[in-house]
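Summary of the model geometry
The residues making up each chain are set out below.
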Amino acid sequence: MAPIAAPTLSLPSPPKAWDSNKEHVVHANSLSALLSQGIEPVGHEFMNVCRRHRHKRSMSEDAGLEQALEDADSEDVSLEEDEQESPKLLRSDPLKWKEQDHYAVLGLSKLRWAANDDDIKRAYRRKVLKHHPDKNPDGSDSFFKCVQKAWEIMSEPVKRRQWDSCDPKFDDSIPSVKAKGDFFDLYAPVFDKERRFSKTQPVPTLGDEHSPREYVETFYSFWFGLDSWRTFENLDEEDTEADSREERRWLDRKNKTERTKRKKADTARVNKLVEQAFSLDPRIKAFKESDKYAKDAKKRDREAAQKAAEEAAKKKADDEKAALEKAANDAKEAAQNEKKTREAAKNAIRKEKKTIKRIMRDNNNFLPADASADAVAFQLQKLDEILEHVDTAALEQFRVKLEEAVPSGAEILELVLDEEHLAVTEAKAHQSTDGATKAQSAPKEETAKVAKHPWATKETATLIKAVKMFPGGTIDRWEKISEYVNEHGGEENETADAKATRSRTPKEAINQSKTMQSAQAADRQRLQAAAHKPIGKVNVGEDISERFEEVKPEVVAKPVTGKAAAAKPIVNGKAAAAKPATPAAASPVTPTMMAPPNASWSTEQQLALEQAMRKYPAATFRETPNERWEKIAEDVTGKNKKEIKQRVKELADMVKKKKQGGK
């Protein structure tokens, strides 16, 4: 261990015989020479030296730390009240003390500026007891130095104010002028934050809507003349510890300039807050209105006198105004009613369009199952043209026609669609001409209609052939069909006049097709009515009808499901619109379906099945399909739900195989 310098020793007291009043002589030669003697510490001093050597402290630093530990070790300090430090806070660099949160270091994050001197003192003692280097296992005193620096600043009023002026946790924002909410809820917290910087205490609060006028005026008077102690030394960017005095003075002037700028900006911010609150305060507005009302008292008296003098004339004007207002209200009410009517019409149109599109979707666009994509697209194009150019009443009539035609099958539905599309096309053509042309063409059309002859047998046959040649989905189908009938429906050697007289329009072709389909539907209804008559038992050994082989492959339709299955059953391999075959001699009534042979099903049961499937269409039982099969089983004597489903599957398979064989 290095030798320690000897301390200065005082001389011993003079002997008793020495008298200060008497002359005396100092015998310098009688004193012994000074000696250099090494002294080593022992006991407590040895421990103090070791501690200073270990932590590399001076005697004054070590004495200060020990004194702090001794002061902190008192009964009124409890570590249970201490605030837990975060790992990041414990790693704080004591050299960067300007960047650290001194309140957090002392465990006063919640109180902050509201902490009094006693709170700061007890917090410091807790931190000393907890983080003193002697109590740290690794002997690190980094965070303890941060605690010492925080105590140094917070225990000094001037330094603490400098720190509070730049507290990083202080929110100096003010509400926006357009902020929504209660005025007192928005601005009362802001004034409460700002009042800490006032040199004059206590500071008046914002109050509420019931505060008297005197209190409100005192409040704004105080805040408009607020004297703030807030300073900004801690935000100095330049360090004044320079070697040159001139340089230090220059840096000090630069820092003072920046502090002045920040002080002015803060003062402007507070003034803006007060002015903004003053302009938005509902109490101030009420006070101003009250002052204005009192100031205008004489003016109101004059106006009242003038009003009394002009009362008669005003009454007349009021009556006229009331009449005008009533007329305006009536007009407004009429406009509203008209608007409601238009909205109702729009809703009705939307509803009708939705229903029509659903009918078309549920019936395979009124086309065979194997229709091409172009045919489907053309069908949808025709529907779009219809929906675009007809009004509500026409849409409703069109929808009713479609619903009535659903049980008759896709062919009738397609005829209804084509008829409506043709009517729309003609209406559009008529709209493109002027009134005179329409007036002149009307008598001619009537004359032409009167001159038309009934449909001849050859014309009807030609029409049937043309309908097969141009299936549903063909572009300009009925125009092509009418042209074909006009070209090939007459007799041989027909004259030009006779051909002109016999000329058929697309609309006439559609009407004739509907008439033929209606006749076929009537025949089918007669067959269905015959199902209620007693029918003799059919032997299993009877020969199956050969009519099945006579059906052409191109007219065999695919089995359909859902509404189409209920609306258009398969009849002898054809659509339901085809005429039923003549009943066989062995049985007075024949089922409308060409059923595959099955010994367990009688003709009466087959007829009852067909009738029940029409009676209970699939569209009615879309959500409860099992209920439909149960109702069908009730109408078919001797068959349960499972057997009926199996029979329907056999019928569908028969049609599918027949079609594949035709291809």
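Residue positions within a chain follow its written sequence, with the count starting from 1. For a predicted model such as this one, the threshold for reporting local features is a pLDDT of at least 70, and the threshold for listing and counting side-chain atom pairs is 80 or more; totals across whole chains, interfaces and linings nevertheless cover every residue. Calculated side-chain values reflect all of the structure's heavy atoms, with hydrogen atoms and water omitted.

1. Details of the overall build of the protein chain
Just so we agree on the cut-off: Each helix corresponds to a stretch of at least 4 residues labelled H or I by DSSP, and each strand to a stretch of at least 2 residues labelled E; elements are numbered beginning at the N terminus. Only protein chains enter the area calculation, which uses a 1.4 Å probe; residues under 20% of their type maximum are buried, those over 50% are exposed, and those in between are partly exposed. In what follows, residue pairs with any heavy atoms lying within 4.5 Å of each other are defined as contacts. Methods summary: accessible areas were calculated by the Shrake-Rupley approach with a probe of 1.4 Å, and residue burial reflects only the protein chains presented.
Each helix and strand in the protein chain was counted, giving 26 helices and 0 strands. The proportion of buried residues among the 663 residues of the protein chain is 34%. For the protein chain, long-range pairs separated by at least 24 residues make up 67% of all intrachain contacts whose partners lie at least 6 apart in sequence. Carbon and sulfur atoms make up 53% of the accessible area of the protein chain, which totals about 43100 Å².

2. Details of the pattern of salt bridges
For clarity, the threshold we go by: Just to be clear on terms, a salt bridge is a Lys or Arg side-chain nitrogen sitting within 4 Å of an Asp or Glu carboxyl oxygen.
The full count for this structure, using the stated rule, is 33 salt bridges. Of the charged contacts, one joins arginine 195 and aspartate 192 as a salt bridge, the two residues approaching to 4.0 Å between their closest N and O atoms. For arginine 195, a relative accessible area of 31% puts it in the partly exposed group. In this structure, arginine 399 and glutamate 403 form a salt bridge, with 3.2 Å as the shortest nitrogen-oxygen distance. Of this pair, arginine 399 and glutamate 403 both sit in helix α15 (residues 392-405), 4 residues apart, roughly one helical turn. What emerges from the salt-bridge pattern is a single network uniting Glu194, Arg230, Asp266 and Arg269.

3. What about the nonpolar core?
Proteins that are soluble and globular tend to have nonpolar side chains buried together. Just so we agree on the cut-off: In plain words, nonpolar cores are sets of buried Ala, Val, Leu, Ile, Met, Phe, Trp, Tyr and Cys residues tied together by side-chain atoms within 4.5 Å.
Ranked by internal contacts, the top residues of the largest apolar core, which has 31 residues, are Phe398, Leu402 and Ile481. Every element with two or more residues in this core is listed here: α13 (311-362), α14 (373-389), α15, α16 (410-431), α18 (457-469), α19 (477-488) and α21 (506-530). Counting residues per element, this core draws most heavily on α16, which supplies 7 residues. What isoleucine 481 contacts, discounting residues up to four positions off in sequence, is Leu463, Ala466, Val467, Phe470 and Ala509. Counting residues in each nonpolar core, the second largest holds 19 residues, with Leu108, Ile120, Ala150 and Trp163 among its members.

4. Focus on α13
Defined as follows: The span you would expect from a helix comes to 1.5 Å times its residue count less one.
Taking 1.5 Å per residue as the helical rise, α13 with its 52 residues ought to reach 76 Å, and the 74 Å between its terminal C-alpha atoms agrees with that figure. Listed in full, the buried residues belonging to α13 are Glu352, Thr355, Ile356, Ile359, Met360 and Asp362. Within two residues after α13, asparagine 364 carries a phi angle of roughly 55°, on the positive side.

5. Focus: the packing of aromatic side chains
Pairs of aromatic rings are described using the distance from one ring centre to the other and the angle between the two planes. What counts is decided by this rule: The criterion for an aromatic pair is that two Phe, Tyr or Trp rings (for Trp, the six-membered ring) have centres within 6.5 Å, with stacked assigned to planes under 30 degrees apart, edge-to-face to planes over 60 apart and tilted to the rest.
Tallied over the full model, the rule gives 14 aromatic pairs. Relative to tyrosine 220, the ring of phenylalanine 219 lies with its centre 5.0 Å away and its plane at 80°, an arrangement referred to as edge-to-face. What makes tyrosine 220 buried here is its relative accessible area of 3%. Each ring, one from tyrosine 220 and one from phenylalanine 224, has its centre 6.5 Å from the other, and the planes form 40°; the classification is tilted. You can see tyrosine 220 and its partner phenylalanine 224 sitting in helix α9 (residues 213-224), 4 residues apart, about one turn around the helix.

6. With respect to a negative patch on the surface
So the rule is basically this: Each patch groups residues whose relative accessible area exceeds 30% and which form no salt bridge, using 9 Å between like charges and 5 Å between nonpolar side chains of Val, Leu, Ile, Met, Phe, Trp and Tyr. Note on charges: Lys and Arg go in the positive column, Asp and Glu in the negative column, and His and the chain ends are not counted at all. Where a charge sits is defined by one atom per residue type, namely NZ (Lys), CZ (Arg), CG (Asp) or CD (Glu).
A cluster of like negative charges, contributed by Asp182, Asp185, Asp208 and Glu209, occupies part of the molecular surface. Structurally, the position occupied by glutamate 209 is in the loop between α8 (183-194) and α9.

7. A word on the side chain of serine 228
Heads up, the rule is: Any N or O atom pair separated by 3.5 Å or less is treated as a polar contact, with the protein-specific requirement of one donor-capable and one acceptor-capable atom, and with residues adjacent in sequence counted only for side-chain atom pairs.
With respect to the helices, strands and loops of the structure, serine 228 is situated in the loop between α9 and α10 (245-280). Within the structure, serine 228 has its side chain in polar contact with the backbone oxygen of phenylalanine 197 (distance 3.5 Å). Once residues within four sequence positions are removed from consideration, serine 228 is found in contact with Phe197, Lys199 and Lys263.

8. Describing the packing of α8 against α10
This is how it is decided: Fitted lines through C-alpha atoms serve as axes, helices being fitted only where they are in contact, and the angles separating the N-to-C directions of these axes extend from 0 to 180 degrees. Roughly parallel means an angle under 35 degrees; roughly antiparallel means over 145; roughly perpendicular covers 65 to 115; every other angle is labelled oblique. Crossing chirality is assigned from the near helix's rotation relative to the far helix, an anticlockwise turn below a right angle marking it left-handed and a clockwise turn marking it right-handed. Any residue that is not Ala, Val, Leu, Ile, Met, Phe, Trp, Tyr, Cys, Pro, Asp, Glu, Lys or Arg is counted as polar, Gly included; the first ten are nonpolar and the last four charged.
Direction vectors running N to C along α8 and α10 enclose 155°, while the axes themselves pass 12 Å from each other. The pairing of α8 with α10 is recorded here as roughly antiparallel in orientation. As α8 packs across α10, the resulting crossing turns out to be left-handed. Here Phe183, Tyr187, Val190, Phe191 and Glu194 of α8 come into contact with α10, specifically with Arg269, Val270, Leu273, Val274, Gln276, Ala277 and Leu280. Its residues assigned to classes, the contact of α8 with α10 comprises 9 nonpolar, 1 polar and 2 charged.

9. Description of helix α25 (residues 625-635)
Test applied: Read the arc as the range of directions from the helix axis to the C-beta atoms.
Among all positions of α25, only Arg628, Trp629, Ile632 and Ala633 are buried. With its buried residues spanning 135° around the axis, α25 presents them on a single face.

10. Details of the confidence of the model for the protein chain
Just so we agree on the cut-off: Confidence of the prediction at every residue is given by pLDDT, a number between 0 and 100.
Considering every residue of the protein chain, the mean pLDDT works out to 76; 77% of them sit at 70 or more. Least confident of the elements in the protein chain is helix α22 (residues 547-550), whose mean pLDDT is 35; most confident is α9, at 93. In this model, residues 442-451 is a region of pLDDT below 50 whose contacts with residues beyond four sequence positions or in other chains number 2 contacts.

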